[in-house]
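Close look at the chain arrangement
Each chain, written out:
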Amino acid sequence: MYAQIEKMAAALAPKLTAWRRHLHTIPETAWNERETSAFLASELKRMGYEVITGNPVAGHDTGLVAELRCGGADQPVFALRFDIDGLPVEEASDPEHLPLSLGFQSRHAGCMHACGHDGHAAIGLGCARLLQKLRHHLSGTVRLIFQPAEEGARGAAPVVEKGWLSDASYFLAGHITGRDYGGSEEPDAVPVCSSLATTKFDAVFHGRSCHGAQPEEGASAISALSAAVLALNAIPRHSQGATFLNVGRITAGEGRNVIAGFGRMEAEVRGASTELNHYMEEQAFRIIRHCAAMYGCTADILPQGHAPSLESSPDFCRELAEICGKGLSSVRFAEKPEVFRASEDAAAMLRTVREAGGKGAFLLFPTHTAAPLHSCRYDFDETILPKAVSIFTAAVFHWCGGSLSQPPL
């Protein structure tokens, strides 16, 4: 049956490419994925899935969940997650950029799929197509989660809060990435043992505006904000692992002769573990509040997103490696897990499943890319799409009964 799955995925390659390229033309930023959600819902309903959209998914009007109920009392729920949002990046416009030269560049000004989420969503549709064909060989429920707002680590927590992972026994998600994972063997899939935890936040500084010639009457939010930026970069790094801080954007002030009464900072911290990220978060928040007070201002800390460190189930990863090694001849699966040198919103989902006694993993799908993630020239080799579909589908078949009471396809 694994060979059948691999064959079906390979035959689906042209459709996977078509789906991916259409999705690439309609990128939408976090919580704005309306056209994307509508397209995905239409395709999934056409396949016969029960599709849930809107507020029940993540408390907003974007994202969707598609379920395939395969029967069987007390049978497992296998959740697969695919992120769908784009980035506020203006796509490259030179002829050497493949999406432009082949006519599938972004149609939305100032927005681009620069992180491969168009590919992830296409993989989700491919899994849906194959699992529908396999449904009579399965038991339990397959739940496909097309998650909004992964960028900024904002979408997974609301999905968890809505209960979509509370009954899941198994969980899988993944990310297309460059060939900087997997070493010289160049595998098609690499399990992740950990990732950077992160907290995204805004800090709003409230001062007191007045005429620039009467500074004693005011309190400068710009001075407080500037002091905070410098002080944040002086946070002692931690002996137990890597820690990161970045101030990505600041806005403040009304004019050259006005003491600024307002300022805003957009920033993030990261840590090699959830605990290290918490250390950076505490330090950053303390510094911001004290810098504000030093200049007679106040500061409100507004959390925008959070993701813990990823921790895949070791035995789950070993079984995945066995499945690929014995059943999927075209897929090279790295047996040694690696650290994902970024943060990933799906960590909240994986943690929920594991804390309830379930198992799961996050996989990287290394392939050749035209530029780094989040670059305006980002593009990836689409031959990775059917391989990812094969792995996810084979995993569901393995853990959701794998019944051969029905004749092979």
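For the structure, see preceding data.
Cut-off values and rules
Residues numbered from 1 in each chain as written. Predicted model: local features only at pLDDT ≥ 70, side-chain atom pairs only at ≥ 80, totals over all residues. Heavy atoms only, no water. Phe/Tyr/Trp six-rings, centres within 6.5 Å; stacked < 30°, edge-to-face > 60°. Buried < 20%, exposed > 50% of the residue type's maximum accessible area, 1.4 Å probe, protein only. Lys NZ or Arg CZ within 6 Å of the ring centre and 35° of its normal. Pairing = 2+ DSSP bridges. Helix = DSSP H or I, 4+ residues; strand = E, 2+ residues; numbered from the N terminus. Axes fitted to C-alpha atoms, helices over the stretch in contact; angles between N-to-C directions. Disulfide = S-S within 2.5 Å. Expected span 1.5 Å × (residues − 1). Salt bridge = Lys/Arg side-chain N within 4 Å of Asp/Glu carboxyl O. Contact = heavy atoms within 4.5 Å. Parallel < 35°, antiparallel > 145°, perpendicular 65-115°, else oblique. Nonpolar A, V, L, I, M, F, W, Y, C, P; charged D, E, K, R; others polar.

Here we come to the packing of aromatic side chains. Scanning all chains against the criterion turns up 14 aromatic pairs. When the ring of Tyr378 is compared with that of Phe380, the centres are 6.4 Å apart and the planes differ by 45°; the resulting orientation is tilted. Per residue, the accessibility class of Tyr378 equals that of Phe380, and both read buried. Taken together through their ring pairs, the aromatic side chains of Phe78, Tyr170, Phe316 and Trp399 make up a single cluster. Geometry around Phe380 places Arg20 over its ring, the cationic atom sitting 4.2 Å from the centre. Note that Arg341 overlies the ring of Tyr181, its terminal NZ or CZ placed 4.2 Å from the centroid.

Turning our attention to the sheet that holds strand E12 (residues 298-307). One open sheet accounts for four strands, arranged E9-E11-E7-E12; its pairing is antiparallel. Only two strands of the sheet have a single partner each, and these edge strands are strand E9 (243-252) and E12. Strand after strand, the sheet turns through a mean of 15° between neighbouring axes, direction not considered. Where E9 meets strand E11 (residues 262-271), nine bridges bridge the pair, whose relative direction is antiparallel. Following the sheet pairing, Phe244 is matched in E11 by Arg270.

To continue, consider the state of the cysteines. Under the counting rule described, the total for this entry stands at zero disulfides. For Cys317, which is in no disulfide, the shortest distance to another cysteine sulfur is to Cys193 and amounts to 8.8 Å. According to the relative accessible area criterion, Cys317 is buried, its value standing at 6%. Of all cysteine sulfurs in the structure, the one in Cys317 sits closest to Cys324, which takes part in no disulfide; the separation is 11 Å.

Given 3.6 residues per helical turn, the α-helix brings residues three or four places apart onto the same face. Here helix H6 (residues 117-134) contains 18 residues, and its C-alpha end-to-end distance of 25 Å stays within 8% of the 26 Å for a straight helix at 1.5 Å per residue. Buried residues dominate H6, accounting for 16 of its 18 residues.

It is worth spelling out the pattern of salt bridges at this point. For the structure on display, the rule yields 22 salt bridges. Between Arg34 and Asp61 there is a salt bridge, with its nearest N and O atoms 3.0 Å apart. With a gap of 27 residues between them, Arg34 in helix H3 (residues 34-46) and Asp61 in the loop between helix H4 (55-58) and strand E2 (64-69) connect regions that are remote in the sequence. On the accessibility criterion, Asp61 (46% relative accessible area) is partly exposed. For Arg143, the salt bridge is made with Asp167, and the minimal N-O distance between the two is 2.7 Å.

Another aspect to go through is the side chain of Asn277. Here Asn277 shows up in helix H9 (residues 274-294). For Asn277, a relative accessible area of 1% gives the class buried. With sequence-adjacent residues up to four places away left out, Asn277 is seen in contact with Ala197, Thr198, Thr199, Val269, Arg270, Gly271 and His306.

For the rest of this paragraph, the subject is unusual backbone geometry. In this model, Ala149 sits at a positive phi of 55°, which is unusual for a non-glycine residue. As for its placement among the helices and strands, Ala149 is situated in the loop between strand E4 (141-147) and helix H7 (156-161). The residue His374 is not glycine, and still its phi comes out positive at about 75°. Within the secondary structure, His374 sits in the loop between strand E14 (359-366) and helix H12 (384-399).

Ordered in space as E1-E2-E4-E3-E5-E14-E6-E13, the eight strands form an open sheet in which the pairing is mixed. Each edge of the open sheet carries a strand with a single partner, namely strand E1 (50-53) and strand E13 (338-340). Direction aside, the axes of adjacent strands within the sheet are offset by 30° on average. Sheet topology places strand E6 (residues 190-195) next to E14; two bridges connect them, and they run antiparallel. The partner of Val190 across the bridge, within E14, is Leu364. Seen against the sheet, helix H10 (residues 314-327) touches strand E3 (77-83), strand E5 (170-177), E6 and E14 and runs at an angle of roughly 55° to E14.

Our focus in this paragraph is the packing of H10 against H12. At a minimum axis separation of 10 Å, H10 and H12 run at an interaxial angle of 110°. Here H12 runs roughly perpendicular to H10, going by the angle between their axes. Across the interface between the two elements, Phe316, Glu319, Leu320, Ile323 and Cys324 from H10 touch Ile391, Ala394, Ala395, His398 and Trp399 from H12. Along the lines of polarity and charge, the residues of the contact of H10 with H12 split into eight nonpolar, one polar and one charged.

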